[in-house]
Amino acid sequence: MDQHAQLRRTADNLQTPEASSSTFSDGRTFVAHMLAGAAAGITEHTAMYPVDTIKTRMQALSHPGQRLHGSVVRALRAVVRREGVAGLYRGVGAVAWGAGPAHAMYFATYEQAKQLLGGNRAGYQWLPTAAAGAIATIVNDGFMTPVDVVKQRLQVAHSPYKGLADCTRQILQHEGVGALYKSYRTTVLMNVPFTAMHFSVYEAAKKWLLHVDNEEAEERLSVQLVAGGLAGGAAAAVTTPLDVVKTRLQTEGVHSSKRYGTTAVLPVLRRIIQEEGMATIWRGMKPRVLFNAPAAAVSWGTYETMKDLLLGPEAQGHHHH
């Protein structure tokens, strides 16, 4: 989810006039962006995976009569007690396998779209950058939604699947390809406010932090980490209800016999509120914030470091005037 953060950085780095002409003439930059993006994606998802498992457990409907855990700590204890630490990592293979290509595609799409929309002209081009981000997100979600379905079905308590391949095979056999995309609409819908929120909080936080300590702008990384963490956390918190809908659609029919009979967001939300109360749609907010805040920071750190390694420090030259 937090590619938005690093690409914001990419945008900042490509905004300088001396860089703007060479975005595409230099194939190496492009490959470097893709590799950096893939590395950031995989690192971010695997580092924070146990928190994500807890989130799924808190949001998914388990078999009838089992209470959903309201507290992160209790949910964590339950998993470890029953399944050991390995239980926290069930389905991690799906993410490792999916996040790499998806993130690489994300960056590729973002750079292409930005180029086409004129986002690389001198000066800060807000609209093309945001539009490119949106297009990239929709493409990325196309890759990540099926991965996420398989992942969540392996994460739920007493998952009936043997593993990655088995889960994929069973879904395709019994429910068809459509089941992998049931939550696509919700995902895209969720990522629009998520991205908007991420961008705006990030920009505001950066301004505020740089204003607070008017040191040399050398302090870029720590500022980015804090701003990124705030942005990731805020965006995750606000979009929690949509995430609950996504989880329910993705795990539909695994344990509970409940069927929502629609993939439209509002009817599903309404039904969850009616049947389970208002609090349910905010389930998993804490682990979401716990996942997204450091993830935004982790993925930036990784992205920056990789970019330096692949492109050499001269790519950062304009920071050190």
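- Looking at an unreviewed UniProt entry, one finds the chain named Mitochondrial carrier protein and attributed to Tetradesmus obliquus.
- Per UniProt, the chain carries the Subcellular location (unreviewed entry) text "Mitochondrion membrane".
- Word for word, the UniProt comment on the chain under Sequence similarities (unreviewed entry) is "Belongs to the mitochondrial carrier (TC 2.A.29) family."

## Points about the pattern of salt bridges
And step 1. Tallied over the entire structure, the rule returns 14 salt bridges.
And step 2. A salt bridge links Glu 83 to Arg 82; the nearest nitrogen and oxygen atoms lie 3.9 Å apart.
And step 3. Note on Arg 82: relative accessible area 40%, which makes it partly exposed.
And step 4. A salt bridge links Glu 175 to Arg 153, with the nearest nitrogen and oxygen atoms 2.8 Å apart. Of the two residues, Glu 175 is situated in the loop between helix H8 (164-174) and helix H9 (184-212) and Arg 153 in helix H7 (residues 126-155); the sequence distance between them amounts to 22 residues.
And step 5. With a relative accessible area of 32%, Glu 175 lands in the partly exposed category.
And step 6. Note on Arg 153: relative accessible area 1%, which makes it buried.

## Quick word on unusual backbone geometry
Among all residues except glycine, the phi angle is most often negative; among peptide bonds, the trans geometry is most common.
And step 1. Phi angles above zero are rare outside glycine, and His 158 is one such case at about 50°.
And step 2. Inspection of the secondary structure assignment puts His 158 in the loop between H7 and H8.
And step 3. Since its relative accessible area comes to 42%, His 158 is described here as partly exposed.

## Quick word on the nonpolar core
And step 1. Counting 18 residues, the largest nonpolar core has Met 144, Val 150, Leu 154, Tyr 161, Cys 167, Ile 171 and Leu 180 as its most contacted members.
And step 2. Sorting the residues of this core by element identifies helix H6 (92-116), H7 and H8 as the ones contributing at least two each.
And step 3. Take this core: its biggest share by element is five residues, from H7.
And step 4. Ignoring anything within four residues of it in the chain, the contact list for Ile 171 reads Val 149, Val 150, Arg 153, Gly 176, Ala 179 and Leu 180.
And step 5. Among the nonpolar cores identified, the runner-up in size contains eight residues, and Leu 249, Tyr 260, Val 268 and Ile 272 belong to it.

## Some details on the packing of helix H11 (residues 240-250) against helix H12 (residues 265-276)
And step 1. For the pair H11 and H12, the least separation of the axes is 10 Å and the interaxial angle reads 95°. With respect to their mutual orientation, H11 and H12 come out roughly perpendicular. Only Val 265, Val 268, Leu 269, Ile 272 and Glu 276 of H12 make contact with H11, whose side of the interface consists of Pro 241, Leu 242, Val 244, Val 245, Arg 248 and Leu 249.
And step 2. For the contact of H11 with H12, the per-class residue count stands at nine nonpolar, no polar and two charged.

## Observations concerning the packing of H7 against H9
And step 1. Orientation of H7 relative to H9, taken along the N-to-C sense of each, is 135°, at an axis distance of 10 Å. In terms of orientation, H7 and H9 fall into the oblique class. Read as a crossing pair, H7 and H9 show a hand that is right-handed. Taken together, the residues of H9 that come into contact with H7 (itself represented by Thr 137, Ile 138, Asp 141, Gly 142 and Thr 145) are Tyr 184, Thr 187, Val 188, Asn 191 and Thr 195.
And step 2. Of the residues that constitute the contact of H7 with H9, the class distribution is three nonpolar, six polar and one charged.

## Describing helix H5 (residues 72-83)
And step 1. Its twelve residues give H5 an end-to-end C-alpha distance of 16 Å, which sits within 8% of 16 Å, the value for a rise of 1.5 Å per residue.
And step 2. Those residues of H5 not exposed but buried are Val 72, Ala 75, Ala 78 and Val 79. Along the axis of H5, the buried residues cluster in a sector spanning 130°; they form a single face. Of the exposed residues in H5, those oriented more than 90 degrees away from the buried face are Arg 77 and Arg 81.
And step 3. Just beyond H5, the residue with positive phi is Gly 84, at close to 75°.

Reading guide: rules and limits
- Residues numbered from 1 in each chain as written.
- Predicted model: local features only at pLDDT ≥ 70, side-chain atom pairs only at ≥ 80, totals over all residues.
- Heavy atoms only, no water.
- UniProt positions renumbered as here; feature names shortened; annotations may be inferred.
- Salt bridge = Lys/Arg side-chain N within 4 Å of Asp/Glu carboxyl O.
- Buried < 20%, exposed > 50% of the residue type's maximum accessible area, 1.4 Å probe, protein only.
- Helix = DSSP H or I, 4+ residues; strand = E, 2+ residues; numbered from the N terminus.
- Core = buried A, V, L, I, M, F, W, Y, C linked by side-chain atoms within 4.5 Å.
- Contact = heavy atoms within 4.5 Å.
- Axes fitted to C-alpha atoms, helices over the stretch in contact; angles between N-to-C directions.
- Parallel < 35°, antiparallel > 145°, perpendicular 65-115°, else oblique.
- Nonpolar A, V, L, I, M, F, W, Y, C, P; charged D, E, K, R; others polar.
- Left-handed = near helix turned anticlockwise from the far one by under 90°.
- Expected span 1.5 Å × (residues − 1).
- Arc of directions from axis to C-beta.

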